[in-house]
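# Chain and residue survey
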Amino acid sequence: MDNTLQTPTILRSDYRPLAWRVESVELDFRLDAEQTLVTSRLACVRVPGASGPLPLDGEDLELVSLRIDGAEAGECMRRTERGLEVTPGSDTATIEIVTRVNPAANTTLSGLYASKGGLFTQCEAEGFRRITYFPDRPDVMARYTVRLEAEQASFPVLLSNGNLVDSGELPGDRHYAVWEDPFPKPSYLFALVAADLEAMERSVETLSGREVLLQVWVEPGNLDRAGHAMDSLVNALRWDEETFGLELDLDRFMIVVVADFNMGAMENKGLNIFNARFVLARPDTATDADFEGIESVVAHEYFHNWTGNRVTCRDWFQLTLKEGLTVFRDQQFSADMLARAAGAEREASARAVKRIDDFRGLRAAQFTEDSGPMAHPIRPDSYQEINNFYTATVYEKGAAVIRMQHTLLGAEGFRKGMNLYFERHDGQAVTCDDFVAAMADANDRDMTQFMRWYSQAGTPVVRASGQWDADARRYTLTLAQHTPPTPGQPEKLPLVIPVAVGLIGPDGNDLPLRLEGDSAAGATTRVLELVEAEQHFVFEDVDAEPVPSLLRGFSAPVLLEIDESDARLAFRMAHDADPCNRWDAAQRYAERVILALAAKADADVPEAFLDAWGALLADESLDPAFVALAATLPGEGWLLERMRPADPAPLRAALMRVMRAIGERFADQWLGLYQRLEVRGPYRYHPADAGCRALRNLALRYLAAAGNEDGLNRAETQFEYAENMTEQFGGLAALVHSASPVAEDALDNFHTRFSSDALVLDKWFALQAGAWRWDEAAPPVLERVKALMDDPAFKLTNPNKVYSLLGAFFRGNPAEFHAADGSGHAFWAEQIIALDAMNPQVASRMARSLENWRRYTPALQTSIRTQLERVRDADGLSPDVAEVVGKALV
Ligand code: 0A1
Ligand code: ZN
């Protein structure tokens with residue numbers, strides 16, 4: 001059966017306000033792992049002048065009873081496809097609903113579910129309807145009071161949103177707690193936790209002098225891994241006060257860790273629930289990247305308290321209203337934290353490193369999404385399953401769109417806009433138009449054209465060319481823009497694109513810029529506004545032909561097309577004053593070389609390219625963190641996006657050749673760096689130390705790729721003796737990414753050492769699933785992946801395990817996944833079908849790894865199509881996976 005024909009499409013234009021308001025919600029939970037009884041009392045009021053019934057969403061619920069104003073509902077209730085519909089006899093009504101749910105049987109991890117003996121909820125986007133019947137849409141904002149009752153021994157801690165107002169013991173070794181959330185909220189922000197947990201606590205004073213209690217709840221025995229999350233939370237709280245004047249509005253703010261979680265974390269009001277991976281960290285179990293990730297996710301969820309919770313989304317099409325804005329805020333926060341730690345002298349470089357990292361993520365995930373069948377505007381016009389729209393486009397491109405507003409309005413103008421946004425909309429569920437209107441009105445600026453960023457999908461292409469007129473001492477920069485067609489959007493209009501520009505003189509120094517019409521030269525970087533399909537920008541007093549440096553700081557989420565010779569790329573790699581563009585020049589050069597090698601198996605790695613690379617390594621004025629980024633080759637996924645047709649096997653071979661060449665040619669430099677940058681003393685999470693560790697680990701990777709014996713010995717020693725996970729895992733990764741015979745022992749040894757540490761084992765799974773075959777005689781990686789699925793630590797029901805083993809293989813190892821015999825694709829289909837029966841959200845995320853199949857070679861396309869159709873036709877397919885494979889096959 002073709003499942004994709006049966007999934008209805010929901011349109012943004014179909015939004016209608018509800019005819020009813022829910023003023024308050026009283027929830028009473030009799031918690032039990034298998035039989036939880038939920039009583040919900042809704043105080044409902046008809047919106048004046050509105051007519052019609054009150055629709056209540058419900059999914060997988062056992063309805064025990066439903067009463068309206070104390071009486072059996074009878075005729076006033078009917079079942080619908082989405083749940084129930086009630087028609088109260090008057091304009092105010094109290095509706096009491098009793099439902100029964102089975103958390104232990106809930107493997108979707110949406111709604112109320114069990115994890116390691118505890119009970120947890122996840123309600124975004126539409127999980128609340130899996131707990132009780134409710135108008136489960138974000139524009140229904142109500143005050144919640146929640147009473148939890150459970151057996152004391154199994155569930156000693158009972159938490160919900162807001163403030164604890166009562167608790168006590170009950171006969172039969174039971175206990176209860178009553179929580180009250182003073183702020184009206186949508187149902188997706190509801191949460192409860194009933195589990196055996198311990199809290200790290202800190203009390204801090206807010207801007208206005210209120211004392212608030214911060215808690216990080218973890219499994220007993222894990223308190224020594226909660227400190228970094230707590231520090232991050234305190235830093236985030238201070239940052240939002242200082243940057244936006246936004247204060248914590250509750251007496252208590254809790255973070256709870258759970259081992260089974262579909263996403264990273266969730267911003268439930270006052271009770272954030274986190275995937276363990278984004279809280280737990282100790283130097284011997286977590287890498288620098290983990291520490292950084294924790295800091296940003298803790299901040300992200302905390303920032304949602306204002307951008308998302310106090311002001312929320314009117315409907316799910318507006319998701320980027322809270323997500324784009326909150327990602328932008330967490331990016332700014334992390335940049336500020338890194339800059340502060342780095343110190344005044346290294347501040348700019350620390351910020352650039354963060355910016356490059358963010359942009360690299362955008363390019364890898366979002367640009368690829370934008371060129372495939374799932375391309376959508378940051379505010380989509382339609383969806384089949386909202387859970388499929390927590391995408392790189394909504395999040396990362398959404399953040400880039402907020403960043404452009406920040407760039408165009410300036411930090412102060414942006415702050416004014418934020419103030420006005422909260423002044424107007426605190427306590428409301430609003431749209432992206434409301435946000436941009438606040439920005440426009442606070443700054444007296446017309447943002448009509450800018451709004452196209454919200455409605456047009458696709459990555460805009462900016463084509464640049466320059467002309468220098470020696471006689472007139474004038475340089476004319478021509479910028480043209482176009483956005484390629486995307487599904488359902490054949491034609492696009494010009495956007496407002498801020499293009500930050502610098503001109504580099506022949507000596508490598510930036511020229512002071514004087515645009516035609518300016519009275520005097522000013523700064524060396526200017527933000528041009530490209531608003532037409534094509535525009536010319538004229539710079540005066542230019543004495544020699546300059547090299548343009550465009551989109552500095554990645555000032556817009558666009559693809560830049562410009563004709564640059566190899567020599568000019570090498571020049572910008574060495575001289576561009578903007579570190580982001582220096583990185584970009586290195587990436588462009590590497591991309592060009594790698595793709596040429598992939599097309600010509602017997603070609604050599606060009607000498608000039610190696611020289612440019614060598615100059616980068618030799619430049620001791622550069623921060624190690626920057627060099628580590630610049631000297632990392634472009635990701636394989638991105639290169640496949642640039643290769644037509646995409647052919648993973650020759651691409652992998654080309655990457656290996658380049659890595660070997662760089663490892664061999666610069667063996668001495670790598671070994672020198674390795675020695676010079678050793679970090680002594682106890683581990684601290686600090687950008688300077690992290691930069692050194694990153695570059696040393698990269699050195700080991702190149703040396704290992706080249707089979708350099710010194711390098712391999714160092715990798716082994718580092719693996720064995722390192723006292724922190726960054727170095728230990730760096731050593732292991734270098735061994736695995738080589739033909740070294742010691743890799744297998746090292747993997748076993750690591751497994752034994754961390755056999756009871758789920759998060760560390762996730763790394764171990766991912767490393768093996770993503771491994772390249774440096775030793776041609778080694779068996780295909782698929783065999784190992786299959787074997788690893790039988791490891792006792794692997795569970796298909798745990799999303800982290802799925803992401804680290806299957807995700808790393810499907811998304812991170814294209815040459816092995818797309819094996820010519822189609823074995824990887826068949827395995828993919830089997831796993832998607834198996835996962836879908838348990839957890840459609842996770843299945844759908846994994847399913848997306850084949851959506852861009854049409855860019856592969858004809859032979860691979862045939863193999864993939866067969867498997868996509870197999871999944872499409874599978875019995876009982878979820879709407880989540882049906883949407884993904886359906887769109888892929890259109
Ligand atoms: N709002 C959360 C992410 C999140 C989204 C959906 C979820 O379930 C479908 C869970 C979490 C955030 O942005 O952090
Ligand atoms: Zn978010």
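Criteria and thresholds
Every chain is numbered independently, its residues counted from 1 as its sequence is written. Naming scheme: in the order in which they are written, chains are lettered from A and ligands are numbered from 1. Since the coordinates come from a predicted model, pLDDT governs what is reported: local features require at least 70, and pairs of side-chain atoms require 80 or more to be given and counted, while whole-chain, interface and lining totals use all residues. Numbering of helices and strands runs from the N terminus; a helix is a DSSP stretch of H or I covering at least four residues, while a strand is a stretch of E covering at least two. To assign burial, the other C-beta atoms lying within 10 Å of each residue's own C-beta are counted, with C-beta atoms placed from the backbone; 20 or more indicates buried, 12 or fewer indicates exposed, and intermediate counts indicate partly exposed. Placing C-beta atoms from the backbone, we regard two residues as in contact once those atoms come within 7 Å. UniProt positions are given in the numbering used here, feature names are shortened, and annotations may be inferred rather than shown by experiment. Take the residue count of a helix, subtract one, and multiply by 1.5 Å to get its expected span. Nearness here has a simple definition: the residue's C-beta atom, placed using the backbone, must lie within 6 Å of the molecule or strand. Amino acids outside the nonpolar list (Ala, Val, Leu, Ile, Met, Phe, Trp, Tyr, Cys, Pro) and the charged list (Asp, Glu, Lys, Arg) are all regarded as polar, and Gly is one of them. Helix axes are fitted only over the stretch in contact, all axes being lines through C-alpha atoms; the angle between N-to-C directions runs from 0 to 180 degrees. Note: crossing handedness is left-handed where the near helix turns anticlockwise from the far helix by less than a right angle, and right-handed where it turns clockwise. In these notes, a nonpolar core means any group of buried Ala, Val, Leu, Ile, Met, Phe, Trp, Tyr and Cys residues linked to one another through C-beta atoms within 7 Å. By the definition adopted for this analysis, an angle is roughly parallel if under 35 degrees, roughly antiparallel if over 145, roughly perpendicular if from 65 to 115, and oblique otherwise. By the convention used here, strands pair only if DSSP detects at least 2 bridges between them. Think of it like this: strands point away, you trace from the first strand over the helix to the second, and a clockwise trace means the crossover is right-handed. Values of pLDDT, the confidence the predictor places in each residue, fall between 0 and 100.

Here we take up the overall build of the protein chain. The number of helices and strands found in the protein chain is 26 helices and 31 strands. For the protein chain, the residues scored as buried account for 51% of the 890 residues in total. Excluding contacts between residues fewer than 6 apart, the proportion of contacts in the protein chain whose partners are at least 24 apart in sequence is 70%.

Per the UniProt record, "domain: Aminopeptidase N-like N-terminal" (unreviewed entry) is annotated on residues 88-189. Taken end to end, residues 88-189 comprises 0% helix and 53% strand; its first and last C-alpha atoms sit 27 Å apart.

Taking 1.5 Å of rise per residue, twelve residues should cover 16 Å, and helix H17 (residues 725-736) covers 16 Å from first to last C-alpha, within 8% of that figure. Counting buried positions over the twelve residues of H17 gives twelve, a clear majority of the element. Restricting attention to buried positions, one finds in H17 the residues Met-725, Thr-726, Glu-727, Gln-728, Phe-729, Gly-730, Gly-731, Leu-732, Ala-733, Ala-734, Leu-735 and Val-736. As for H17, its buried residues are in contact with helix H2 (288-304), helix H15 (687-705), helix H16 (709-721), helix H18 (743-753) and helix H19 (758-769).

Taken together, 15 residues lie near ligand 1, and Glu-124, Met-263, Met-266, Asn-387 and Tyr-390 sit nearest. Contributing elements (two or more residues each) for the shell around ligand 1: strand S20 (265-266) and H2. Class assignment of the residues belonging to the shell around ligand 1 gives a composition of five nonpolar, six polar and four charged.

Right, let's get into the packing of H17 against H18. Contact geometry of H17 with H18 gives a least axis separation of 9 Å together with a crossing angle of 145°. For the element pair H17 and H18, the recorded crossing hand is left-handed. Together, Leu-732, Leu-735 and Val-736 of H17 and Ala-743, Ala-746, Leu-747 and Phe-750 of H18 make up the contact between the two elements. Grouping the constituent residues of the contact of H17 with H18 by class yields seven nonpolar, no polar and no charged.

This part takes up the UniProt feature "domain: Peptidase M1 membrane alanine aminopeptidase" (unreviewed entry) in the protein chain. The sites that carry the UniProt feature "domain: Peptidase M1 membrane alanine aminopeptidase" (unreviewed entry) are, in the present numbering, residues 229-453. Taken end to end, residues 229-453 comprises 57% helix and 9% strand; its first and last C-alpha atoms sit 34 Å apart.

With 265 residues, the main nonpolar core has Ala-194, Val-256, Val-279, Val-499, Tyr-589, Ile-594 and Val-658 as its most contacted residues. Ignoring anything within four residues of it in the chain, the contact list for Ala-194 reads Leu-31, Gly-118, Leu-119, Leu-148, Ala-150, Phe-155 and Leu-158.

On to the packing of helix H1 (residues 227-244) against H2, then. Relative to each other, H1 and H2 sit at 45°, their axes nearing to 9 Å. Comparing the axis directions of H1 and H2 gives the class oblique. Relative to H2, H1 is oriented so that their crossing is right-handed. Every residue of H2 that contacts H1 at His-228, Ala-229, Ser-232, Leu-233, Ala-236, Leu-237 and Asp-240 is listed here: Phe-291, Ile-294, Glu-295, Val-298, Ala-299, Tyr-302 and Phe-303. When grouped by side-chain class, the residues that make up the contact of H1 with H2 number ten nonpolar, two polar and two charged.

Further remarks concern the environment of Glu-720. Following the sequence through the fold, Glu-720 ends up in helix H16. The exposed category is assigned to Glu-720, around which 12 C-beta atoms lie within 10 Å. Along the chain, Glu-720 and Phe-750 lie 30 residues apart, while their C-alpha atoms are 9.4 Å from each other.

To continue, consider the sheet that holds strand S28 (residues 526-530). Within the open sheet, the three strands sit side by side as S28-S27-S30. Their pairing is antiparallel. Here the strands that pair on one side only, and so sit at the sheet edges, are S28 and strand S30 (547-550). The sheet shows a mean angle of 40° between the axes of neighbouring strands, direction not considered. One ladder, built from five bridges, connects strand S27 (residues 497-504) with S28; its direction is antiparallel. By the bridge assignment for S28, Ala-500 is matched with Val-527.

Where strand S17 (residues 198-205) and strand S18 (residues 211-218) come together, eight bridges link them in antiparallel fashion. When the sheet's bridge partners are listed, Val-204 is paired in S18 with Val-212. The turn joining S17 and S18, which pair antiparallel and follow one another in sequence, is formed by five residues; a positive phi near 90° is taken by Gly-209. Sheet analysis places S18 next to strand S19 (residues 252-258), joined by five bridges and oriented parallel. Within the sheet, the bridge partner assigned to Trp-217 lies in S19 and is Val-256. Taken together, S18, H1 and S19 constitute a β-α-β crossover, and its handedness is left-handed.

With that settled, consider the sheet that holds S17. One open sheet accounts for five strands, arranged S17-S18-S19-S21-S20; its pairing is mixed. The strands lining the two open edges of the sheet, one partner per strand, are S17 and S20.

Detailed reading of predicted coordinates is not advised where the pLDDT is low. Chain-level statistics for the protein chain give a pLDDT mean of 98 and a share of 100% at 70 or above. Here the complex is predicted with pTM 0.99, and the ipTM for its interfaces comes to 0.99.

Consecutive residues of a regular strand have side chains that alternate between opposite faces of the sheet. Summarising the sheet, strand S2 (residues 20-30) and strand S3 (residues 36-46) pair through ten bridges and their orientation is antiparallel. What sits directly across from Val-22, in S3, is Cys-44. Between the antiparallel neighbours S2 and S3 lie five residues. The sheet contact formed by S3 and strand S9 (residues 92-101) spans ten bridges and is antiparallel. Opposite Thr-39, over in S9, you have Val-98 as the bridge partner.

Look at the link from Glu-124 to Ala-125: it is a cis peptide, with omega at -5°. Within the element layout of this structure, Ala-125 appears in the loop between strand S11 (118-122) and strand S12 (142-151). Across the junction of Arg-644 and Pro-645, the peptide omega takes the value -10°, indicating a cis bond. When you line up the elements, Pro-645 lands in the loop between helix H12 (636-642) and helix H13 (648-665). One non-glycine residue, Asp-541, lies in the positive phi region at around 60°. Of note, Asp-541 is situated in the loop between strand S29 (534-539) and S30.

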